[in-house]
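Observations on the model geometry
These are the residues of each chain, in order.
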Amino acid sequence: MLHAATLLTTERPDRNPRAQALLASALAGAYARWDRLRDEDPWELARRALVLRFARSAWRHRRPRGGTLSRLTPRERLVVVALVYERMGEEQLAALLGLSPHRVRSIRAKAAAALLTPEAHRTPWRARVPRLLGAGR
């Protein structure tokens, strides 16, 4: 789970204080509900807590820290890590995040396109505005 948190925060594996804090918070939340578990899988509970904690605090993880996934928005990273690394189903992730399965597929497709596009061609739109408006001629 620490690896998944590290992927979400785009920190280096050997230096990941935000990922460790995110995981500790998720595990603390899962532990608080531990005595109310009936037939639930504790691993699934902790994984859901990690996904929800990241989704709620994604605004803190906007600054890229390096790595391939840093090219993605926090929401795109969340979808990619949950679907690919954590092997959650689209419907399960959609229900967890309060999105439609179609929206999750759309975010996944956008993230895949971003990862497959060379970084040189992905100029942020704000950087293109002066050029689009004819400035600098």
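Residues numbered from 1 in each chain as written. Predicted model: local features only at pLDDT ≥ 70, side-chain atom pairs only at ≥ 80, totals over all residues. Heavy atoms only, no water.

The next point concerns the overall build of the protein. Of regular secondary structure, the protein possesses 7 helices and 0 strands. What you see in the protein, going N to C, is helices and strands ordered as α-α-α-α-α-α-α. Buried positions account for 36% of the 137 residues belonging to the protein. In the protein, once contacts between residues fewer than 6 apart in sequence are set aside, the share between residues at least 24 apart is 55%. Accessible surface, the protein: about 9,000 Å² in total, of which carbon and sulfur atoms supply 55%. (Helix = DSSP H or I, 4+ residues; strand = E, 2+ residues; numbered from the N terminus. Buried < 20%, exposed > 50% of the residue type's maximum accessible area, 1.4 Å probe, protein only. Contact = heavy atoms within 4.5 Å. Areas by Shrake-Rupley, 256 points an atom, 1.4 Å probe, with all protein chains shown as cover.)

Turning next to the confidence of the model for the protein. Summarising the model, the protein shows a mean pLDDT of 80, and 80% of its residues fall at 70 or more. Predicted confidence for residues 128–137 stays below pLDDT 50, and this span has 2 contacts to residues more than four positions away or in other chains. (pLDDT = per-residue confidence, 0-100.)

Core analysis: the largest hydrophobic core is formed by 32 residues, its most contacted members being Leu8, Leu50 and Leu93. Here leucine 8 is in contact with Leu22, Leu50, Phe54, Arg77, Leu78 and Val81, once residues within four sequence places are set aside. (Core = buried A, V, L, I, M, F, W, Y, C linked by side-chain atoms within 4.5 Å.)

Right, let's talk about empty space enclosed by the protein for a bit. Summed over all chains, the structure comprises 1 cavity of 30 Å³ or more. Looking at the largest cavity, the residues that line it are Ala4, Leu8, Arg47, Leu50, Val51, Leu78, Val81, Ala82 and Glu86. (1 Å grid on protein atoms, 1.4 Å probe; cavity = no way out; pocket = protein on both sides within 12 Å on 5 of 7 lines; lining within 4 Å. Points joined across faces, edges and corners; volume = space filled by probe spheres on them.)

All right, on to the environment of arginine 56 then. Mapped onto the secondary structure, arginine 56 falls in helix α3 (residues 42–56). Through-space distance from the C-alpha of arginine 56 to that of leucine 97 is 9.8 Å; in sequence the pair is 41 residues apart.

Attention now goes to helix α5 (residues 90–97). Turning to α5, its buried residues number three or more, namely Glu90, Leu93, Ala94 and Leu96. Considered in projection along α5, the buried side chains sweep an arc of 165 degrees and stay on one side of the axis. For α5, the exposed residues lying more than 90 degrees away from the buried face are Glu91 and Ala95. Along its buried surface, α5 packs onto α3, α4 (74–85) and α6 (101–116). A positive phi of about 75 degrees marks glycine 98, the residue just after α5. (Arc of directions from axis to C-beta.)

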